[in-house]
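# Chains, contacts and geometry: an overview
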Amino acid sequence: AHLAEAAAVDLPRRRRRAGDTTDEFVVVTEPDRTVVFVSSGIFDVLGLRPQDVVGRDAADLLDAEDAGRLPSPATVRPVERLLRVRRRDGAVRWLR
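First things first, this report covers the structure right here in the doc. Here the structure is a predicted model, which is why all the values come from computation and not from measurement. (Residues numbered from 1 in each chain as written. Predicted model: local features only at pLDDT ≥ 70, side-chain atom pairs only at ≥ 80, totals over all residues. Heavy atoms only, no water.)

## Here we look at the overall build of the protein
This is how the line gets drawn: We count a stretch as a helix when DSSP gives it H or I for four or more residues in a row; a strand needs E for two or more, and each element gets its number in order from the N terminus. Each residue is placed in one exposure class: buried if its accessible area under a 1.4 Å probe, protein chains only, is under 20% of its type's maximum, exposed if it is over 50%, and partly exposed if it falls in between. Note on contacts: a residue pair qualifies if any of its non-hydrogen atoms lie within 4.5 Å across the two residues. Accessible areas in this description were obtained via Shrake-Rupley with a 1.4 Å probe; residue shielding takes into account the shown protein chains only.
Counting secondary structure elements, the protein contains 3 helices and 4 strands. By residue count, 27% of the 96 residues in the protein fall in the buried class. In the protein, the share of contacts with a sequence separation of at least 24, taken over all contacts with a separation of at least 6, comes to 24%. Summed over all atoms, the accessible surface of the protein reaches about 6,600 Å², with 52% contributed by carbon and sulfur.

## Topic: the pairing of strand β3 (residues 83-86)
Our working rule: Being paired, for any two strands, means DSSP has found at least two bridges between them.
Sheet analysis places β3 next to strand β4 (residues 92-95), joined by 4 bridges and oriented antiparallel. Looking at the pairing, Val85 lines up with Arg93 of β4. The antiparallel hairpin formed by β3 and β4 contains 5 residues in its connecting segment, where Gly90 sits at a positive phi of about 95 degrees.

## Topic: the environment of Arg81
Among the secondary structure elements, Arg81 is positioned in the loop between α3 (50-53) and β3. Taking the relative accessible area as the measure of exposure, Arg81 reaches 35% and is therefore partly exposed. In sequence terms Arg81 and Leu95 are 14 residues apart; their C-alpha atoms lie 7.9 Å from each other.

## Things to note about the side chain of Ser39
Inclusion rule: Polar contacts, as used here, are pairs of N or O atoms within 3.5 Å; protein pairs need one atom able to donate a hydrogen and one able to accept it. Residues neighboring in sequence count only if both atoms are side-chain atoms.
Position of Ser39 relative to the elements: it lies in the loop between β2 (35-38) and α2 (42-46). The class of Ser39 is buried, set by a relative accessible area of 0%. Side-chain polar atoms of Ser39 contact the backbone nitrogen of Val26, separated by 2.9 Å.

## Quick word on the pattern of salt bridges
Pairs may arise between side chains of opposite charge once their charged atoms sit close together. Rule in force here: Salt bridge, as applied in this entry: a Lys or Arg side-chain nitrogen positioned within 4 Å of an Asp or Glu carboxyl oxygen.
Across all of its chains, the model carries 8 salt bridges by this definition. Residue Asp52 pairs with Arg49 through a salt bridge whose shortest N-O separation is 2.8 Å. Between Arg86 and Asp63 there is a salt bridge, with the nearest N and O atoms lying 2.8 Å from each other. With Arg86 in strand β3 and Asp63 in the loop between α3 and β3, the pair connects residues that are 23 residues apart, well separated along the chain. Put simply, Arg49, Asp52 and Arg88 are held in one network by salt bridges that share partners.

Don't take any of this as a statement about function, it's just geometry.
Below you can see the structure in the form of structure tokens.
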């Protein structure tokens with residue numbers, strides 16, 4: 001049990017390290033799609049800072065036409081889809 005508690009405490013640091021060592025960005029959500037972590041790479045891709053995104057619904061990042069294509073909040077497995085997202089400047093990007 002002690003090892004599991006230590007791992008849980010260390011999770012935010014491990015997420016940051018994993019997310020900041022990629023050329024893309026990583027988004028982690030709660031089951032209700034509330035963003036709880038986003039790596040700093042989101043700035044290079046979408047022009048957003050992590051603190052602009054954490055606490056928001058992940059659907060807020062998507063183009064309006066694709067927001068309905070997100071998996072149900074009850075989905076608990078990782079999901080990969082090709083979706084349109086809006087940059088801070090309004091430009092649309094396709095992301096997987």
